[in-house]
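# Structural overview
Here are the chains, one letter per residue:
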Amino acid sequence: MFYREAGQFKTTYAADQQLLPIPMDKWFVIAVALFALIVVPMIGSQYWLESILLPVLILSIAAIGLNILTGYCGQLSLGTGGFMAAGAYMSYKIATNMPDFLPVWAPILGGGLFAAAIGVVFGLPSLRIKGFYLAVATLAAQFFLSWLFQKVPWFVNNSISGVPSAPSETIFGVYVTGAQASPEAKYVFVLVFVIVLALLARNLVRSRIGRSWMAIRDMDIAAELIGIRPLQTKLSAFAISSFYCGVAGALWSFCYINTVEPTAFDIDRSFQVLFMVIVGGLGSILGSFFGAAFIFLLPIVLNNVPAWFGLTLATDVVSHLEFMVFGAAIIFFLIVEPHGLARLWQIAKEKLRLWPFPH
Amino acid sequence: MEAIAGLVGIDPFELWFFFEVLIGGLMSGVMYALVALGFVLIFKASSVFNFSQGVMVLFAALNFVGFIGLGVPAWASFILTMLVMVALAFTVERVVLRPLVNQPHISLFMATIGIAIFLEGFGELIWGSSIKPLDVGIPEGAVFMGDAMIQEADLFAAAVATVLVAVLALFFTYTRIGRALRAVADDHQAAMSVGIPLNTIWVIVWSVAGFVALVAGIMWGSKLGVQFSLAILALKALPVLILGGFTSIPGAIIGGLIIGAGEKLAEVYFGQMVGGAIEEWFAYIVAMAFLVFRPQGLFGEKIIERV
Amino acid sequence: MNDSAAQPAEAQDAQAAAPTVGKQNRIGEVILRAENITLRFGGVKALSDISFDIRRGEVRSIIGPNGAGKSSMLNVINGFYQPQEGGIWFMGKTYSPMRPHHAASNGIARTFQNIALFKGMSTLDNIMTGRILKQKASLIEQAFYFGRGRSEEIEHREYVERVIDFLEIQAVRKTPVGRLPYGLQKRVELGRALAAEPTLLLLDEPMAGMNLEEKEDMSRFIIDVNEHFGTTIALIEHDMGVVMDLSDRVVVLDYGSKLADGTPDEVRNNQAVIDAYLGVAHD
């Protein structure tokens, strides 16, 4: 009743090809984006902006990246953390050594490009190996890169501690990165990245390159026989995916944890992002956001649930319970809705179309 | 040994040292192989890559040590823990494997990651997460072979592993159940259509893998104490499997030996040049290189794709 | 575009027996030659010294008992299998071996015995993948959906829609192909091959698993593709009625060797072929 698709006819292919062909969808998305950009920074508390929205948004970018590689192109990757680290460390290097006239987003994009190059290198084995075997090769990337950035002091400008603070950069005199930046500024800064990158990803997955990724995922032999080049296609997925992860890593360091440290990008991070993509929905950009929110917020919610019931539990008991719920949630999603939260969202919209009628 | 050293022109002490590192590496390789065995069993029988095998090692060890801590004698603890592992196998089959029976392998793989996380939390919830020492009477001294020092515990583990492998290999090749397991691994639906009860087979396989996990857990736990890091060690089993081939029991052993030895040798001889801690990634890079040139591993089966 | 159903077998038989002037004009020069192809898998010889040619505009059938090597022959033409000996001559160049991207970029397209569609994508997207080699937009143009990124999508969408109209699958254009019934999936696969505007179309048992109506539809499509688009067709098929009615020339394979090569009538009356494959009618 509230949501209409009936009567929405398109008279040109151009109109049908739009990102959001249904006007109601389009206005809704624009409204949400404007709300997020303008209203939220004004009414949001510091805690919400800095500790909830900021990390969820940044992890969404990483989730989109992993979704491109694993969800759209079918190449299972456990190296997300390593690619994020590549982005973070190179961004730091560029930011602390670049001339002042370069804008603040330059080192972040530079970090992303470096991560993309690393992604291509570790994607080369994908020509010969698939499935779990490729996952193990990406584990090699994860462990090697983790080790590399700790051992090679060049990235951190030979700092003594090895864990430098994030640089403080400004746009029009307002601090947007580093410890001096306000939560609102950091939030808007990151949000702009998120909106732009999400749009680009959405465009890519429905164009020629997206179709070639999905073809490789679904049946790589048939794809090769119709002229799609497997190696180039897989490498492009690795490159673009790692770019997104690299940007996410840079933003994580610059805006969230305000330092550049290796433990933020370890194997646990790789698994965390993988879970986001599974729970959110493989092969769905929107799902990446849902998954990021779910996986990031679950431990926080679990931490607070006992308090709601008036129980006090020891912290380690809570953390064990978290693990159990986490593991169970993964299995639950895989069984009940392998297409994740994105599919549940679609089903909800379909129900909304008919409400209050049952069918 | 001195003669060989003289022939090659190195200080005999260096040679003994090399030998010691090599043996030490081989021994830790045996330990990896024990964990890898569990992987191979489940993969061979159900084409499921059981990521939670490592956590099963930890879980089994936790239960074993926990029961002992409650005053139960070692042999009874062993049996009790085995019962727990069988119960686990039943639960996993019912709750995870059955609903996902026709899903792509990647979904099952991710489900086993979920199992791993769940078990970790569950095990530590029940038994606590502190490090627990484990002593079941495994000899703790060291013997000397020439100038090389070898841990008795490692020798014991090697002996146990050998026996285990021999038993399993015989089991798979010559018994009826072993044949049924191999049929299931090849094609679920075909196996069902000739009357092989899929669900029973899976419970059996996961129970056997649980047994292997328990043995590995006791070995490792005696050496390092029962603690969370046992689960991480399991990740090292992955390169072992790649080297040996996912479906080969002897491959798991040989792969384990190569990785174990290679890792230690690389750390000692090359590690110093690049700042150390090579062991973190060496095994994986070796595995990756192997994958590129011989994707099926040393002993695995080659997959031919048809259109 | 023919609106009527395929003509009954007898009428088509008469048509084949007395080829019209139009049909003869349609068939042109040789465009593909298989030259002494030998293909081995380990110790098994799938193809032994096979040579034949295909002329432009004709419908060339490859027939033979199961295991004769027919699909392997198509796979060699396509570049999926590389023969140990021999090569493929196509439109002026010899390829030994042929590689998949050579085949695809030179205008060879195919369908598969066991449908090889991209199950995760819709009908429209599957057929769009057939146009992939014709799309040249750069990464940036695709990411920002401007310039060639935009114009190519629309232009190729139009062509794909015409293919969809031709195959009468408009109703299912947005359905994920995994959900379509078998017969429709086969049609979508044909659509994907047609979208590539191929010079040579390889069809591997396009009628397998179809009932009579579906076979008539598919025959109609094949005839239309051959006559209206001028596409050369190489066809593997077991239904002898279809083969004899549709083909201009036939190659017979058995145990990897060539048994016969000629018009449908010649092959039908060849004793070796009758012994190995066709058999005789029993009263």
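The structure presented is a predicted model; accordingly, all values stated were derived computationally and were not measured.

Criteria and thresholds
Residues numbered from 1 in each chain as written. Chains lettered and ligands numbered in written order. Predicted model: local features only at pLDDT ≥ 70, side-chain atom pairs only at ≥ 80, totals over all residues. Heavy atoms only, no water. Helix = DSSP H or I, 4+ residues; strand = E, 2+ residues; numbered from the N terminus. Contact = heavy atoms within 4.5 Å. Areas by Shrake-Rupley, 256 points an atom, 1.4 Å probe, with all protein chains shown as cover. Buried < 20%, exposed > 50% of the residue type's maximum accessible area, 1.4 Å probe, protein only. Lys, Arg positive; Asp, Glu negative; His and termini not counted. Charge placed at Lys NZ, Arg CZ, Asp CG, Glu CD. Expected span 1.5 Å × (residues − 1). Buried area = accessible area lost by both parts, 1.4 Å probe. Nonpolar A, V, L, I, M, F, W, Y, C, P; charged D, E, K, R; others polar. Pairing = 2+ DSSP bridges. Axes fitted to C-alpha atoms, helices over the stretch in contact; angles between N-to-C directions. Salt bridge = Lys/Arg side-chain N within 4 Å of Asp/Glu carboxyl O. Phe/Tyr/Trp six-rings, centres within 6.5 Å; stacked < 30°, edge-to-face > 60°. Lys NZ or Arg CZ within 6 Å of the ring centre and 35° of its normal. Parallel < 35°, antiparallel > 145°, perpendicular 65-115°, else oblique. Left-handed = near helix turned anticlockwise from the far one by under 90°. pLDDT = per-residue confidence, 0-100. Core = buried A, V, L, I, M, F, W, Y, C linked by side-chain atoms within 4.5 Å. Patch = residues over 30% accessible without salt bridge, like charges linked within 9 Å, V, L, I, M, F, W, Y side chains within 5 Å.

This part is about the overall build of chain B. Helix and strand counts for chain B stand at twelve helices and two strands. Along chain B, from the amino end to the carboxyl end, the secondary structure elements read α-α-α-α-α-β-β-α-α-α-α-α-α-α. Sequence separation of at least 24 residues holds for 72% of the intrachain contacts in chain B that already meet a minimum separation of 6. Surface accessibility of chain B: about 13100 Å² in total, with carbon and sulfur atoms responsible for 69%.

As a further point, take the overall build of chain A. When helices and strands are tallied, chain A shows 13 helices and two strands. Looking at chain A as a whole, 55% of its 359 residues qualify as buried. Across chain A, the fraction of contacts at a sequence separation of at least 24, relative to all contacts at a separation of at least 6, is 75%. The average position of the 20 basic charges and that of the 17 acidic charges among the side chains of chain A differ by 11 Å.

This part is about helix α6 (residues 152-174) of chain B. Owing to its 3.6 residues per turn, the α-helix aligns residues three or four sequence positions apart on the same side. Taking 1.5 Å as the rise per residue, α6(B) with 23 residues should run 33 Å; its terminal C-alpha atoms sit 33 Å apart, in good agreement. Residues of α6(B) that are buried include every one of B:D154, B:A157, B:A158, B:A161, B:L164, B:V165, B:L168 and B:F172, and no others.

This brings us to the interface of chain B and chain A. The partner chain A presents 36 residues to the 45 residues of chain B that form the contact. Of the roughly 3900 Å² buried between chain B and chain A, counting both surfaces, carbon and sulfur atoms make up 82%. Looking at the side of chain B that touches chain A, the elements that each hand over two or more residues are α4 (74-97), α5 (105-127), α10 (229-244) and α12 (282-293) of chain B. Broken down by element, the residue count for the side of chain B that touches chain A peaks at 16 residues, all from α5(B). Of the residues belonging to the side of chain B that touches chain A, the class tally is 33 nonpolar, seven polar and five charged.

The subject of this paragraph is the sheet that holds strand β8 (residues 232-236) of chain C. Residues and elements named next belong to chain C. Read across the sheet, six strands follow the order β6-β7-β8-β3-β9-β10 without closing on themselves; strand pairing throughout is mixed. Strands with a single pairing partner mark the edges of an open sheet, and in this sheet they are β6 (108-110) and β10 (257-262). Averaged over all adjacent pairs, the angle separating strand axes in this sheet is 20 degrees, with direction ignored. The pairing of strand β7 (residues 200-204) with β8 spans five bridges and is classified as parallel. Each bridged residue has a counterpart across the sheet, and for L203 the counterpart in β8 is L235. Strands in contact with helix α8 (residues 182-195) are β6 and β7; relative to β7, the strand with the most contacts, it is inclined by about 160 degrees. The sheet strands contacting helix α9 (residues 212-228) are β3 (59-63), β7 and β8, and the helix crosses β8 at an angle near 150 degrees.

So, about the pattern of salt bridges. Residue and element names in this part refer to chain C. Enumeration according to the criterion identifies 25 salt bridges over all chains in this entry. Taking the shortest distance from any N to any O, the salt bridge between R40 and E85 comes out at 3.6 Å. A residue pair is termed long-range when its members are at least 10 positions apart, and R40 in strand β1 (residues 30-41) and E85 in strand β4 (residues 85-90) qualify at 45 residues. Residue R40 is classed as partly exposed on the basis of its relative accessible area, which comes to 30%. A salt bridge links R60 to E58, with the shortest nitrogen-to-oxygen separation between them at 3.7 Å. Considered together, R60 and E58 belong to a single accessibility category, that of buried residues.

Here we come to the packing of aromatic side chains. Scanning the entire structure with this criterion turns up 27 aromatic pairs over all chains. Ring plane angle 80 degrees and centroid distance 5.7 Å describe the contact between A:F294 and A:F333, whose orientation is recorded as edge-to-face. Here A:F294 is found in helix α11 (residues 285-308), whereas its partner A:F333 is found in helix α12 (residues 315-336), with 39 residues between them in sequence. Since its relative accessible area comes to 29%, A:F294 is described here as partly exposed. Given the relative accessible area of 6%, A:F333 is considered buried. The structure contains a cluster of three or more aromatic residues connected by ring pairs, namely A:F271, A:F275, A:F326, B:F39, B:F49, B:F51 and B:F109. The ring of A:W154 has A:K93 sitting right over it, with the charged end atom 4.4 Å from the ring centre.

All names here are of chain B. The residue F171 is located in helix α6 in this model. The class for F171 is partly exposed, based on a relative accessible area of 23%. Not counting residues within four places of it along the chain, the set of residues in contact with F171 comprises I177, G178 and L181.

Our next topic: the sheet that holds β1(C). Residue and element names in this part refer to chain C. Across the sheet, four strands lie side by side as β2-β1-β4-β5; this open sheet has antiparallel pairing. Pairing within the sheet leaves two strands with one partner each, and these edge strands are β2 (44-55) and β5 (93-95). Shown here is a sheet whose adjacent strand axes are inclined to one another by a mean of 20 degrees, direction ignored.

All names here are of chain B. As a packed pair, α4 and helix α9 (residues 198-224) sit with axes 8 Å apart at the nearest point and diverge in direction by 140 degrees. Judged by the inter-axis angle, α4 sits oblique to α9. Helix-helix and strand crossings are classified by hand; for α4 and α9 the assignment is right-handed. For the pair α4 and α9, the contacting residues are F78, T81, M82, M85, V86, A89, F90, V92, E93 and L97 in the first and N199, W202, V203, W206, S207, G210, F211, L214 and I218 in the second. A per-class count over the contact of α4 with α9 returns 14 nonpolar, four polar and one charged.

Bringing the confidence of the model for chain B into the picture now. Residue and element names in this part refer to chain B. Per-residue confidence for chain B gives a mean pLDDT of 80, with 90% of residues at or over 70. Mean pLDDT across the secondary structure elements of chain B bottoms out at helix α1 (residues 2-8), with 65, and peaks at α4, with 90. For this predicted complex, the interface confidence score (ipTM) comes to 0.83, while the overall pTM stands at 0.86.

Here the focus is unusual backbone geometry. All names here are of chain C. For D49, which is not glycine, the phi dihedral falls at a positive 50 degrees. Looking at the secondary structure, you find D49 in strand β2. If you check the backbone angles, Y255 has positive phi at about 50 degrees while not being a glycine. Counting through the fold element by element, Y255 comes out in the loop between β9 (249-254) and β10.

Moving on: the side chain of C:S72. Structurally, C:S72 can be placed in helix α3 (residues 70-78). Every residue in contact with C:S72, bar those within four places of it in the chain, is listed here: C:L39, C:F41, C:A46, C:L47 and C:Y81.

This next bit is on the packing of helix α5 (residues 105-123) of chain A against helix α9 (residues 230-256) of chain A. Residue and element names in this part refer to chain A. Viewed as axis vectors pointing N to C, α5 and α9 meet at an angle of 140 degrees, and their least axial separation amounts to 6 Å. The pairing of α5 with α9 is recorded here as oblique in orientation. Note on packing geometry: the crossing formed by α5 with α9 is right-handed. In contact with I108, L109, G112, L113, A115, A116, G119, V120, F122 and G123 of α5, α9 contributes L235, F238, A239, S242, F243, G246, V247, A250, L251 and F254. The residue makeup of the contact of α5 with α9, split by class, is 15 nonpolar, five polar and no charged.

Now for the environment of A:I129. Structurally, A:I129 is set in the loop between α5 and α6 (131-151). What makes A:I129 buried here is its relative accessible area of 1%. Taking the C-alpha atoms as reference points, A:I129 and A:Q75, 54 residues apart in sequence, are found 9.8 Å from one another. The residues touching A:I129, leaving out its near neighbours within four places in the chain, are A:L134, A:A137, B:L291 and B:P295.

Core analysis: the biggest nonpolar cluster contains 246 residues, and A:Y244, A:L251, C:M73 and C:I77 have the highest contact counts within it. Counting residues in each nonpolar core, the second largest holds 35 residues, with C:V163, C:L167, C:V177 and C:M207 among its members.

Time to look at a nonpolar patch on the surface. Residues A:W27, A:I30, A:L34, A:F35, A:I38, A:M42 and A:I43 make up a contiguous nonpolar surface patch of about 800 Å² in total accessible area. With respect to the helices, strands and loops of the structure, A:M42 is situated in helix α2 (residues 23-43).

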